[in-house]
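# Chains, contacts and geometry: an overview
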Amino acid sequence: MPFSFSDILINSGLVAPGSIDGVMSGKKYNRSVRAWKIMMEAMERLTFQSFIQSKPGVVRSFTEFFESMMSAFPKDHFMDFVDSQQMQDIYNQYSAYVIERCENDLVFSFWSSFIEMVQLLLLFLRGTRANDWDLHLSAIRSMLPWFFAYDRVHYQRYLSAYWLEMNLLDFTHPG
């Protein structure tokens, strides 16, 4: 018998059985965000592992690069690894891999969209909590297509108007 998403969250110990309804409905806000973050990271790790396994000829060079990057983490030269051409090449290959897999595998596409939506949620929370107005508006703008895709009529209607009004705030209410 297949497990439901709720069963997976409970059996993994991520959510207590008495909290699952609140987590799934979003009423237990902190627990919900924590569960989505952990699920997103797990899915991202699995995606990256499948990417690495699909490139048998470069596993050694990827491993060496990431080990060097990890050893440089707390130091100043860590950003040299992040900004390097090799990192950009890995990122471009990974992005192409995800796009290709999404086109050929519906389950992979579903989980990739889950990852993208959780990343948008985290960007929105960061923009809101850090009082970063541009990030807040950017996250809202990025969320709008998802509300249309999932037929969330009220969110699509009111957030579209909110986004437009907030973008025009400098013109309508200068100062």
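Residues numbered from 1 in each chain as written. Predicted model: local features only at pLDDT ≥ 70, side-chain atom pairs only at ≥ 80, totals over all residues. Heavy atoms only, no water.

This paragraph deals with the overall build of the protein. Counting its regular elements, the protein contains 10 helices and 0 strands. Mapped in sequence order, the helices and strands of the protein form the string α-α-α-α-α-α-α-α-α-α. Relative to the 2.2 N^0.38 estimate, which gives 16 Å for 175 residues, the radius of gyration of the protein is 20 Å and therefore markedly larger than a compact globule would have. Projected onto the principal axes, the alpha-carbon positions of the protein cover approximately 55 × 50 × 35 Å. The proportion of buried residues among the 175 residues of the protein is 29%. Within the protein, contacts between residues at least 6 apart in sequence are counted, and of these 44% link residues at least 24 apart. Looking at charge distribution, the protein has the averaged site of its 15 positive side-chain charges lying 9 Å from that of its 19 negative ones. (Helix = DSSP H or I, 4+ residues; strand = E, 2+ residues; numbered from the N terminus. Rg over C-alpha atoms; globule rule 2.2 N^0.38 Å. Buried < 20%, exposed > 50% of the residue type's maximum accessible area, 1.4 Å probe, protein only. Contact = heavy atoms within 4.5 Å. Lys, Arg positive; Asp, Glu negative; His and termini not counted. Charge placed at Lys NZ, Arg CZ, Asp CG, Glu CD.)

This part takes up the pattern of salt bridges. Counting across every chain of the model gives 2 salt bridges. Two residues, E41 and R45, come together in a salt bridge whose shortest N-O distance is 2.7 Å. Here the residue E41 and the residue R45 both occupy positions in helix 3 (residues 29-53), the gap between them amounting to 4 residues, near one helical turn. Residue classification places E41 among the partly exposed positions, given a relative accessible area of 40%. (Salt bridge = Lys/Arg side-chain N within 4 Å of Asp/Glu carboxyl O.)

Another aspect to go through is the packing of aromatic side chains. The tally for this structure, following the rule as stated, stands at 15 aromatic pairs. Ring centres 5.0 Å apart and planes at 75° place the aromatic pair F110 and W111 in the edge-to-face group. Accessibility expressed as a relative area gives 46% for F110, which makes it partly exposed. You can call W111 partly exposed: its relative accessible area is 21%. An aromatic cluster of at least three residues, connected via ring pairs, comprises F48, F51, F62, F65, F66, F81, Y94, Y97 and F108. One residue, R141, lies across the ring of W163, its end atom 5.6 Å from the ring centre. (Phe/Tyr/Trp six-rings, centres within 6.5 Å; stacked < 30°, edge-to-face > 60°. Lys NZ or Arg CZ within 6 Å of the ring centre and 35° of its normal.)

One can find Q156 in helix 9 (residues 153-167). Relative accessible area serves as the criterion here: at 12%, Q156 is assigned to the buried category. Residue contacts for Q156: discarding those within four places in its chain leaves L144, F147, F148 and D151.

Our next topic: unusual backbone geometry. You will see that N131, though not glycine, has its phi angle at about 60°, which is positive. Note on placement: N131 falls in the loop between helix 7 (106-129) and helix 8 (133-149).

Segmentation of the protein into domains returns domain 1 (5-131) and domain 2 (132-174). Placing the centre of domain 1 and that of domain 2 at their C-alpha centroids yields a distance of 25 Å. Each partner contributes residues to the interface: domain 1 has 12 residues there, and domain 2 has 10 residues. Carbon and sulfur atoms supply 76% of the area that domain 1 and domain 2 bury against each other, a total of about 920 Å² over both sides. When residues of domain 1 are sorted by the area they lose upon contact with domain 2, M117, L120 and F124 head the list and together hold 50% of the total. Taken together, the links from domain 1 to domain 2 amount to 0 salt bridges. (Domains from an automatic or database assignment. Buried area = accessible area lost by both parts, 1.4 Å probe.)

Turning our eyes to something else, we now look at helix 8. An α-helical turn contains 3.6 residues, so a residue and the one three or four places further along point in the same direction. Under the 1.5 Å per step criterion, the end-to-end length of helix 8 is 25 Å for 17 residues, consistent within 8% with the ideal 24 Å. At M143, helix 8 is deflected by roughly 25°, the largest bend along its length, and proline P145 occurs up to four residues later in sequence. Turning to helix 8, its buried residues number three or more, namely L135, H136, L137, A139, I140, M143, L144, W146 and F147. The inward-facing, buried residues of helix 8 abut helix 7 and helix 9. Positive backbone phi, approximately 55°, marks D151, located one or two places after helix 8. (Expected span 1.5 Å × (residues − 1). Bend = angle between axes of the 7 residues up to and from the residue.)

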